[in-house]
Amino acid sequence: MHAALQSMLHRGPDAQGIVEADDWIIGHRRLSIIDLAASRQPMQSPDGRFVLSYNGELYNFRELRPLLEARWSFTTHGDTEVVLAGLILEGPDFLQQMEGMWALVLWDQHERTLLLARDRFGEKPLYWRPRSDSIACASELPTLHRLNPDDWRVDPDSNADFLRYGYCLPGTTFYRDVHEVLPGHWLRWRPNKPVNSTPYWQAPSVETLAGNPAALRERLRSALTEAVRKQLVADVDVGAFLSGGIDSSLVVALMSGTPGIRPKTFSIGFTEAGFDERAYARLIAQRYGTDHHETVLDHCNPDDLVRLIFQHVGQPFADSSLLPTALVSQSAARHLRVVLSGDGADELFGGYQRYLARTLLRWYLALPARLRRHAEHYLRGIPEPLTHHSRSLIKKAHLFMDLVNRRESENPYVAPLMYDRDDFSRLTPDLAGHGHVSPLMPVNPEDEIGALLRRDVTVYLPQDILTKVDRAAMAHSVETRAPFLDRTVAELALSLPSSHHHRGLLGKRLLRETFRDLLPRTIWSRRKQGFAVPVHRWFRSGLQKQLCALLDANRQLPISSVFIQHLVAEHEAGSRDHGYRLWNLYIYLLWQTNDCIPKNQSPAS
């Protein structure tokens, strides 16, 4: 246990606690944010029966505490004891009242049961590995491996999922019999009993009559303002990540409107102008008078990448923005321990370009087939620019053609795919039939954009965005909070038909109409960019050689070297930008080369 806790020093450098008996042990590492002198963990009930290990923040603990005081004698002033008391007194039903982000385990010594639970959107991680009469669980996979190192084998379905999406699907990991607690779920483990996952929260159904526009704008403005206020509660300083996009800029604007708050803000930039957003971040920092800090990422450092993937994520993970997120977190860590971010707004309010592309796709498919063939032939004859799509109509047209070609492969839509079915079969014939089935949420079949939004909230957001931010920030002992994922804000957004968020060629419609006065026109009118990384340039300036060397060293893997070399050749020639596909393959091969999986256990076995 001591070695396992030491491996999570970054998640809690301030204190360590262990509670144990003859046949069980629970440990905790603490990052002190609230009630700094007390609220130590693991926390036990007064009679010693229950033991809680809890990671996260309960934003409404001050509102919940008076509801419990008649039945509980509190001895601390933080949120941890509120969680302990609520779960003991009300059981898993108390989770429905909790507003915040968390991963927790509660051990009942008398009943010999372990309750595991995770927040609604999956901001905080929790992994578990059961045996018939035992269980091990941890916040990170490398720590779980230290607790239970025997017989870790690749799951062929997750192997295929990673190559398709760049991450594992909800509830799964890269390994057989190693699970992730689903967001918005709890489960109870007992020795030699089956384990069932139970949802305590589900996205609300869409309201066809959602109210008049003015009332909706007022509800959203009040909800997001209150969410920012609640998430500023801490006994340490709170800052913000500021990209210069709409979402993080709104968070900073609302923070700055809070009396007594002059936030520190942190931005990351790139030497390649097409990916550098610092000018927009400076505009917001100057408007609101923040204490602004900038950092520049100018190359891919393999050592940083290996450390993040292997020591923190613990399984293949292909979002290249993990690197700049870690770098801006390192910058923030020099000044404070808590930052607010704009995460979740794109998924909830329709901000991604793929929603616009789906709208265009309906129009495009209505054209005669012969005209579509000529259009694609013409566009494919133009070399694809190796720049960000926000600065090139040709690049956008190429990406749109990619969507056209994989539209059948993304039906039903789970998350954005790296390859269509034909290319995936060329890449890995042995894994073409593998992959987990992600349960589909009930949606209005006539509202395609609404269906995409909900799927991105339940798959892409927790498995990519929130995983990236949590691991990159906690690698530097920084806690991130996401006001857009406040329960009231999120439920309002999800209850509305997609036309409130996305109409025609314009996304984030409700956000724009609600908060137009808070941001300059330059921010509202700028092209959607996202947190992109110039991996295309990295694979034309040396990284492609590393990829090919890794491929030569891993000939036994179930992937086609011929297909990958074809991607590299097209990328180097400048005819196609395969940067993100090559990055996905680079991470996959890097993982295999570093002996994270025993070589005698084939991923397809």
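Note that this is a predicted model, so its numbers are computed, not measured.

**Topic: the overall build of the protein**
Turning to step 1, where the next piece is worked out: Along the backbone of the protein there are 23 helices and 16 strands.
Turning to step 2, where the next piece is worked out: Scaling as 2.2 N^0.38, a compact globule of 605 residues should have a C-alpha radius of gyration of about 25 Å, and the protein matches this with 24 Å.
Turning to step 3, where the next piece is worked out: Seen through its principal axes, the protein has C-alpha atoms that stretch 75 × 60 × 45 Å.
Turning to step 4, where the next piece is worked out: Look at the contacts in the protein between residues 6 or more apart in sequence, and 70% of them connect residues 24 or more apart.
Turning to step 5, where the next piece is worked out: For the protein, the accessible surface area stands at approximately 24400 Å², while carbon and sulfur atoms represent 50% of it.

**Remarks on the nonpolar core**
Turning to step 1, where the next piece is worked out: Within the largest apolar cluster, 157 residues are counted, with the highest numbers of intra-cluster contacts made by Leu104, Phe349, Trp583 and Tyr586.
Turning to step 2, where the next piece is worked out: It is helix 16 (residues 448-474) that provides the largest number of residues to this core, a total of twelve residues.
Turning to step 3, where the next piece is worked out: Those residues in contact with Trp583 that lie beyond four places of it in its chain are Cys300, Leu305, Ala318, Asp319, Ser320, Leu323, Val535, Trp538, Phe539 and Leu543.
Turning to step 4, where the next piece is worked out: Among the nonpolar cores identified, the runner-up in size contains 14 residues, and Ile26, Ala103, Val105 and Trp128 belong to it.

**Brief notes about the environment of Leu116**
Turning to step 1, where the next piece is worked out: Mapped onto the elements, Leu116 comes out in strand 6 (residues 113-118).
Turning to step 2, where the next piece is worked out: Overall, the relative accessible area of 0% leaves Leu116 in the buried class.
Turning to step 3, where the next piece is worked out: Linking Leu116 and Leu58, residues 58 residues apart in sequence, is a C-alpha distance of 16 Å.
Turning to step 4, where the next piece is worked out: If we ignore the near neighbours within four places in the chain, the residues touching Leu116 are Leu104, Val105, Leu126, Trp128, Ile135, Cys137, Val181, His185, Trp186 and Leu187.

**Description of the packing of aromatic side chains**
Turning to step 1, where the next piece is worked out: One pass over the full model with this rule turns up 19 aromatic pairs.
Turning to step 2, where the next piece is worked out: Centroid distance Phe539 to Trp583: 6.4 Å. Interplanar angle 80 degrees. Geometry classified as edge-to-face. Residue Phe539 is located in the loop between helix 20 (535-538) and helix 21 (543-553), and its partner Trp583 is located in helix 23 (residues 579-593); the two are separated by 44 residues in the primary sequence.
Turning to step 3, where the next piece is worked out: In this structure Trp583 comes out as buried when scored by relative accessible area, which is 1%.
Turning to step 4, where the next piece is worked out: Look at Trp583 and Tyr586: their rings are 5.7 Å apart centre to centre, the planes differ by 45 degrees, and that puts the pair in the tilted class. Of the two residues, Trp583 and Tyr586 both sit in helix 23, three residues apart, roughly one turn of that helix. The pair Trp583 / Tyr586 is uniform in exposure class, with both members buried.
Turning to step 5, where the next piece is worked out: An aromatic cluster of three or more residues is present, and its members are Trp152, Phe162, Phe174, Tyr175 and Tyr588.
Turning to step 6, where the next piece is worked out: Against the face of Phe424 rests Arg164, its NZ or CZ located 4.3 Å from the ring centre.

**So, the packing of helix 21 against helix 22 (residues 561-573)**
Turning to step 1, where the next piece is worked out: Contact geometry of helix 21 with helix 22 gives a least axis separation of 11 Å together with a crossing angle of 170 degrees. With respect to helix 22, the element helix 21 is oriented roughly antiparallel. Between helix 21 and helix 22, the contacting residues are Gln544, Leu547, Cys548 and Leu551 on the first element and Ser561, Ile564, Gln565, Val568 and Glu572 on the second.
Turning to step 2, where the next piece is worked out: A per-class count over the contact of helix 21 with helix 22 returns five nonpolar, three polar and one charged.

**Observations concerning the confidence of the model for the protein**
Turning to step 1, where the next piece is worked out: Residues at a pLDDT of 70 or more form 94% of the protein, whose mean pLDDT is 89.
Turning to step 2, where the next piece is worked out: By mean pLDDT, the top-scoring element of the protein is strand 6 (98), and the lowest-scoring one is helix 14 (residues 393-406) (78).

**A closer look at the sheet that holds strand 14 (residues 291-297)**
Turning to step 1, where the next piece is worked out: With parallel pairing, five strands are arranged side by side in an open sheet as 14-13-12-15-16. At either end of the open sheet lies a strand with only one pairing partner, and these are strand 14 and strand 16 (479-481). Across the sheet, the mean angle separating the axes of adjacent strands is 30 degrees when strand polarity is ignored.
Turning to step 2, where the next piece is worked out: Across two bridges, the pairing between strand 12 (residues 238-241) and strand 13 (residues 264-270) is parallel. Counterpart to Phe241 in the pairing with strand 13 is Phe266.
Turning to step 3, where the next piece is worked out: Its contacts with the sheet put helix 7 (residues 246-256) on strand 12, strand 13 and strand 15 (338-340), and the angle it makes with strand 12 is roughly 155 degrees.

**What about the side chain of Arg11?**
Turning to step 1, where the next piece is worked out: In this fold, Arg11 is placed in the loop between helix 1 (2-6) and strand 1 (15-20).
Turning to step 2, where the next piece is worked out: Here Asp470 takes part through its side chain, which lies 3.0 Å from a polar atom of the side chain of Arg11.
Turning to step 3, where the next piece is worked out: Setting aside anything within four residues of it in sequence, one finds Arg11 in contact with Leu31, Asn55, Lys124, Pro125, Ser139, Glu140, Asp470, Arg471 and Met474.

**Concerning helix 17 (residues 487-494)**
Turning to step 1, where the next piece is worked out: All of the buried residues along helix 17 are Val489, Ala490, Leu492, Ala493 and Leu494.
Turning to step 2, where the next piece is worked out: Where the residues of helix 17 are buried, they touch helix 6 (213-231), helix 11 (345-349) and helix 16.
Turning to step 3, where the next piece is worked out: For helix 17, the N-terminal cap is Asp486; the gap from its side-chain oxygen to the backbone nitrogen of Thr488 is 3.0 Å.

**Section: the environment of Tyr167**
Turning to step 1, where the next piece is worked out: Topologically, Tyr167 is positioned in the loop between helix 5 (156-165) and strand 9 (179-180).
Turning to step 2, where the next piece is worked out: Residues Tyr167 and Thr467, spaced 300 residues apart in sequence, show a C-alpha to C-alpha distance of 9.6 Å.
Turning to step 3, where the next piece is worked out: Once you skip the residues sitting within four places of it in the chain, Tyr167 turns out to touch Asp161, Phe162, Phe317, Ala415, Pro416, Val459, Tyr460, Gln463 and Asp464.

**Re the packing of helix 12 (residues 353-365) against helix 16**
Turning to step 1, where the next piece is worked out: In contact at an axis separation of 10 Å, helix 12 and helix 16 are set at 150 degrees when each is read in the N-to-C sense. Classified by the angle their axes make, helix 12 and helix 16 are roughly antiparallel. When you trace helix 12 past helix 16, the crossing you get is right-handed. Along the contact surface, helix 12 presents Arg354, Tyr355, Arg358, Thr359 and Arg362, while helix 16 presents Glu448, Ile449, Leu452, Leu453, Asp456 and Tyr460.
Turning to step 2, where the next piece is worked out: Classifying every residue of the contact of helix 12 with helix 16 gives five nonpolar, one polar and five charged.

What counts, and where the lines are drawn
- All residue numbers refer to position in the chain's written sequence, counted from 1.
- Side-chain atom pairs in this predicted model are given and counted only at pLDDT of 80 or more, local residue features only at pLDDT of at least 70, and totals for whole chains, interfaces and linings cover all residues.
- Side-chain measures here rest on the full set of heavy atoms in the structure, leaving out hydrogens and waters.
- We count a stretch as a helix when DSSP gives it H or I for four or more residues in a row; a strand needs E for two or more, and each element gets its number in order from the N terminus.
- Two things to know: the radius of gyration comes from C-alpha atoms, and the globule rule equals 2.2 Å times the number of residues to the power 0.38.
- Should any heavy atoms of two residues lie within 4.5 Å, those residues are counted as being in contact.
- The accessible surface values rely on the Shrake-Rupley method and a 1.4 Å probe; as for residues, cover is taken only from the protein chains in view.
- Here the nonpolar core consists of buried residues drawn from Ala, Val, Leu, Ile, Met, Phe, Trp, Tyr and Cys, with membership extended through side-chain atoms lying within 4.5 Å.
- Buried residues are those whose accessible area, probed at 1.4 Å on protein chains only, stays under 20% of the maximum for their type, while exposed residues exceed 50% and partly exposed ones sit between those limits.
- For this analysis, a ring pair means two rings from Phe, Tyr or Trp (six-membered ring only for Trp) whose centres lie within 6.5 Å, classed as stacked if their planes differ by under 30 degrees, edge-to-face if by over 60, and tilted for the remaining angles.
- Sitting over a ring, as applied to charges here, requires NZ of Lys or CZ of Arg to be within 6 Å of the ring centre and within 35 degrees of the ring normal.
- Lines fitted to the C-alpha atoms define the axes, with helices restricted to the stretch that makes contact. Angles between their N-to-C directions range from 0 to 180 degrees.
- Oblique is the label for every angle not falling under 35 degrees (roughly parallel), over 145 degrees (roughly antiparallel), or within 65 to 115 degrees (roughly perpendicular).
- Each residue is assigned to one of three groups, with Ala, Val, Leu, Ile, Met, Phe, Trp, Tyr, Cys and Pro labelled nonpolar, Asp, Glu, Lys and Arg labelled charged, and all others, Gly among them, labelled polar.
- Confidence scores per residue from the predictor, reported as pLDDT, run from 0 to 100.
- When DSSP finds two or more bridges between a pair of strands, those strands are recorded as paired.
- In protein, a polar contact requires one atom able to donate a hydrogen and another able to accept it; more generally it is a pair of N or O atoms within 3.5 Å, and residues adjacent in sequence count only if both atoms are side-chain atoms.
- In a left-handed crossing the near helix is turned counterclockwise from the far helix by less than a right angle, and in a right-handed crossing that turn is clockwise.

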